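Notes for the structure review
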Amino acid sequence: MAKYNKVVLAYSGGLDTSIIIPWLKENYGCEVICVAGNVGQDAELDGLEERALKTGASKLYIEDIQDEFVNDFVFPTLKAGAKYENYLLGTSFARPPIAKRIVEIAKKEGADAICHGCTGKGNDQVRFELTIKAFAPDMPIIAPWRTWELKSRDEEIDYAVAHNVPIKITRETNYSKDMNLWHLSHEGLDLEDPANEPAYAKEGFLEMGVAPEQAPDKPTYITLSFEKGIPVALNGEKMDGVSLIKALNKLGGENGIGLLDIVENRLVGMKSRGVYETPGGTILYYAHEVLETICLDKMTQHYKQKLALEFADLVYNGQWYTPLREAMSAFVDKTQETVTGEVKLKLYKGNMINAGVTSPYSLYDEDVATFGEDEVYNQADSAGFINLFGLPIKVKAMLDQKREQK
């Protein structure tokens, strides 16, 4: 086993990273410096430094990267309209900015290696390590889940108890969760069986909102303003990205918006069932799509929808820092130059209902689209168009008839 004097650990304070601190010290005899990237996990940061130091770390950095997370990762992905199998990539695009900051601190501290607590079955190991390779290609990476003797979360709890590691979970509430400003994910326990309905109405399961049936009987109307594809105001009030998402999380959560239960295809090849809460993000994606319907021409809108699938794959697979993703973002930015305007939505019991959209760059012309009399469009022109558009079908049918008559 290699010897390291100083290791920087990506630390969340959860079960995995908590027991990794004593495990690193036991196996490498090294100093452990913890780094927590604040991407909006709120209460999870309370008491984090005390827990890290009590568990054996020499230092904890809590880095507030919320603005970078939103402006450099969330909004570019939103503008692309990228979804991975309807998943809005909450964990996926949070890992690169965290890993990037960890590399910066590892270099500052003169660390010999970087360690993460991602499992060998999951996607996060790839996202962390590809980012580390992009900024510190020669940095050794320690991934305990791929080497240690612990094989389950029950065994991890046993290890924590034996080493006096303070943890917040029990065996009965041992969901694997990831929280940030954008979303909260739930995996494990009863959710591992896709036949089980998530306990949405059970107290304590949902943390960012309520089940649709528990939402108010009265709808909530909101108006979102966009400039070049970026949301900039809510109900006429200008807001920075972080504040806007927080406000929408509250409104969306109260109205049961943003619940997703899917069996997704992981990068490593297996299927995984997860439940996601993304109230504000779900509203933003929907509003942005509505605005694009009047601001983008047909060819651009359709091509962008194709690109969104590839963009989502890159984000999901941890390939943010690649030339292809950068080139895709440049294309997306060009398409967003006219995606400016306002979208009014009605939120009601888990539903988002379009209540009106306007833009100074709208391509919708009522004079052309009207069912009434107009002087812009000659309906007789469509006959010639249909004859030409349908010519291949007509020719094939005529030749088939001739062949059948022989």
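A brief report on the enclosed structure follows.

Things to note about the overall build of the protein chain
Of the regular secondary structure elements, the protein chain holds 13 helices and 14 strands. Oriented by its inertia axes, the alpha-carbon framework of the protein chain measures out at about 85 × 60 × 45 Å. When the 406 residues of the protein chain are sorted by exposure, 49% land in the buried category. Per element, the accessible surface of the protein chain, about 20400 Å² overall, is 52% carbon and sulfur. Computing the positive centroid from 44 side-chain charges and the negative centroid from 61, the protein chain places the two 4 Å apart.

Details of the environment of Tyr285
Considering the arrangement of structural elements, one finds Tyr285 in helix H8 (residues 279-295). Residue class for Tyr285 comes out buried when judged on its relative accessible area of 2%. Separated by 249 residues in sequence, Tyr285 and Ala36 place their C-alpha atoms 28 Å apart. Not counting residues within four places of it along the chain, the set of residues in contact with Tyr285 comprises Thr77, Leu78, Gly81, Ala82, Lys83, Leu88 and Trp182.

What about helix H1 (residues 15-28)?
Here H1 spans 20 Å end to end across 14 residues, near enough to the 20 Å set by a 1.5 Å rise per residue. At Ile21, H1 shows its maximal kink, close to 30 degrees; a proline, Pro22, follows between one and four residues later. If you follow the buried residues of H1, they end up packed against strand S1 (6-10), strand S2 (31-38), helix H2 (48-55), strand S4 (113-115), strand S5 (141-142) and helix H6 (153-162). Gly29 sits one or two residues past H1 and shows a positive phi near 60 degrees.

Here we look at the pairing of strand S7 (residues 184-187)
Neither face of S7 is exposed, since Leu184 and His186 on one face and Ser185 and Glu187 on the opposite face are all buried. In this structure, strand S6 (residues 176-179) lies alongside S7, joined through 4 bridges in antiparallel fashion. For Met179, the partnering residue across the bridge sits in S7 and is Leu184. Bridge analysis of S7 against strand S12 (residues 271-277) gives 3 bridges, and the strand direction is antiparallel. From the neighbouring strand, His186 faces S12, where its bridge partner is Val275.

Brief notes about the state of the cysteines
This structure, assessed with the given rule, holds 0 disulfides. Left without a disulfide partner, Cys30 is nearest to the cysteine sulfur of Cys115, which lies 8.4 Å away. According to the relative accessible area criterion, Cys30 is buried, its value standing at 4%. The thiol of Cys118 is not disulfide-bonded; the next cysteine sulfur, from Cys115, is found 9.3 Å away.

Quick word on the pattern of salt bridges
A complete count under the given rule lists 24 salt bridges for this structure. Between Glu109 and Lys6 there is a salt bridge, with its nearest N and O atoms 3.6 Å apart. Placement of the pair is Glu109 in helix H4 (residues 95-109) and Lys6 in strand S1, with a sequence separation of 103 residues. Neither Glu109 nor Lys6 differs from the other in exposure class; each is buried. Its salt-bridge partner being Arg273, residue Asp261 comes within 2.7 Å of it at the nearest N-O pair. Here Arg273 lies in strand S12 and Asp261 lies in strand S11 (residues 259-265), a separation of 12 residues in the sequence. Using a relative accessible area of 35% as the deciding quantity, one classes Asp261 as partly exposed. Salt bridges sharing common partners tie together Glu63, Glu68, Lys100, Arg101 and Glu104.

Calculation notes
- Residues numbered from 1 in each chain as written.
- Predicted model: local features only at pLDDT ≥ 70, side-chain atom pairs only at ≥ 80, totals over all residues.
- Heavy atoms only, no water.
- Helix = DSSP H or I, 4+ residues; strand = E, 2+ residues; numbered from the N terminus.
- Buried < 20%, exposed > 50% of the residue type's maximum accessible area, 1.4 Å probe, protein only.
- Areas by Shrake-Rupley, 256 points an atom, 1.4 Å probe, with all protein chains shown as cover.
- Lys, Arg positive; Asp, Glu negative; His and termini not counted.
- Charge placed at Lys NZ, Arg CZ, Asp CG, Glu CD.
- Contact = heavy atoms within 4.5 Å.
- Expected span 1.5 Å × (residues − 1).
- Bend = angle between axes of the 7 residues up to and from the residue.
- Pairing = 2+ DSSP bridges.
- Disulfide = S-S within 2.5 Å.
- Salt bridge = Lys/Arg side-chain N within 4 Å of Asp/Glu carboxyl O.

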